[in-house]
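Take a look at the letters that make up each chain.
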Amino acid sequence: QEELDDMCYEMDNLIKTITSLSKTKIILIGYYNPYNNYNKINNQIFAYISDKYKSISHKYSITYLDIYEEIKKDKNYLPNQKDYHLTSKGYLKIANKISIK
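This text gives an overview of the structure that appears in the document.

What counts and how
- Residues numbered from 1 in each chain as written.
- Predicted model: local features only at pLDDT ≥ 70, side-chain atom pairs only at ≥ 80, totals over all residues.
- Heavy atoms only, no water.
- Helix = DSSP H or I, 4+ residues; strand = E, 2+ residues; numbered from the N terminus.
- Buried < 20%, exposed > 50% of the residue type's maximum accessible area, 1.4 Å probe, protein only.
- Areas by Shrake-Rupley, 256 points an atom, 1.4 Å probe, with all protein chains shown as cover.
- Lys, Arg positive; Asp, Glu negative; His and termini not counted.
- Charge placed at Lys NZ, Arg CZ, Asp CG, Glu CD.
- Expected span 1.5 Å × (residues − 1).
- Arc of directions from axis to C-beta.
- Contact = heavy atoms within 4.5 Å.
- Phe/Tyr/Trp six-rings, centres within 6.5 Å; stacked < 30°, edge-to-face > 60°.
- Salt bridge = Lys/Arg side-chain N within 4 Å of Asp/Glu carboxyl O.

## Points about the overall build of the protein chain
Here is step 1: The helix and strand inventory of the protein chain stands at four helices and two strands.
Here is step 2: Secondary structure elements of the protein chain, listed N to C terminal, follow the sequence α-β-α-β-α-α.
Here is step 3: Its C-alpha atoms give the protein chain principal-axis dimensions of roughly 40 × 35 × 20 Å.
Here is step 4: By residue count, 36% of the 101 residues in the protein chain fall in the buried class.
Here is step 5: Counting only carbon and sulfur atoms, one obtains 53% of the accessible surface of the protein chain, whose full area is about 6800 Å².
Here is step 6: On the protein chain, the mean spot of the 15 positive side-chain charges and the mean spot of the 12 negative ones are 8 Å from each other.

## Examining helix 4 (residues 88-99)
Here is step 1: Over its twelve residues, helix 4 runs 16 Å from end to end, which matches the ideal 16 Å to within 8%, given 1.5 Å per residue.
Here is step 2: Listing the buried residues of helix 4 in full gives Gly90, Ile94 and Lys97. An end-on view of helix 4 places all buried positions within 60° of arc, on one side of the element. Those residues of helix 4 that are exposed and angled more than 90 degrees off the buried face are Ser88, Leu92 and Ser99.
Here is step 3: Looking at the buried residues of helix 4, the elements they touch are strand 1 (27-29), strand 2 (63-65) and helix 3 (68-72).

## Side note on the packing of aromatic side chains
Here is step 1: With the rule as written, the count across this model stands at three aromatic pairs.
Here is step 2: Plain terms: the ring middles of phenylalanine 46 and tyrosine 68 are 4.9 Å apart, the flat faces sit at 25° to each other, and that makes the pair stacked. One end of the pair, phenylalanine 46, is in helix 2 (residues 40-59); the other, tyrosine 68, is in helix 3, with 22 residues separating them in the sequence.
Here is step 3: Given a relative accessible area of 9%, tyrosine 68 falls into the buried group.
Here is step 4: Cluster of aromatic residues (ring-pair linked, three or more members): Tyr31, Tyr53 and Tyr64.

## Concerning the pattern of salt bridges
Here is step 1: Applying the stated rule across the entire model yields six salt bridges.
Here is step 2: Close ionic contact of lysine 73 with glutamate 70 constitutes a salt bridge, the shortest N to O distance being 3.7 Å.
Here is step 3: Overall, the relative accessible area of 64% leaves lysine 73 in the exposed class.
Here is step 4: Take glutamate 70: its relative accessible area is 18%, and that puts it in the buried class.
Here is step 5: Among the salt bridges present, the one from lysine 97 reaches glutamate 70, with a minimum N-O distance of 3.8 Å. With lysine 97 in helix 4 and glutamate 70 in helix 3, the pair connects residues that are 27 residues apart, well separated along the chain. Grouping residues by exposure puts lysine 97 and glutamate 70 together as buried.
Here is step 6: The structure contains a network of salt bridges with shared partners spanning Glu70, Lys73, Lys93 and Lys97.

As structure tokens, then:
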């Protein structure tokens, strides 16, 4: 958990810096599980990060885009367990979600 807190602290600092330098709309995109492995520990990790990122988003009045469940529910978004990149369908799904924000 300490590593996750450190990561979220760094994200908070990054968003703080960006919002101080720019008034453009910012969308903070959450994580997806790149390994198609949705066990209890992974779910807890992603839920924890998601909660922290949502809190950061509220703190700086920016949009948070939670993609975890969207990617999780369609196995066509991740090609296999050895490749953590999304398929073009997965990236298109995220792009479409961004465009409506």
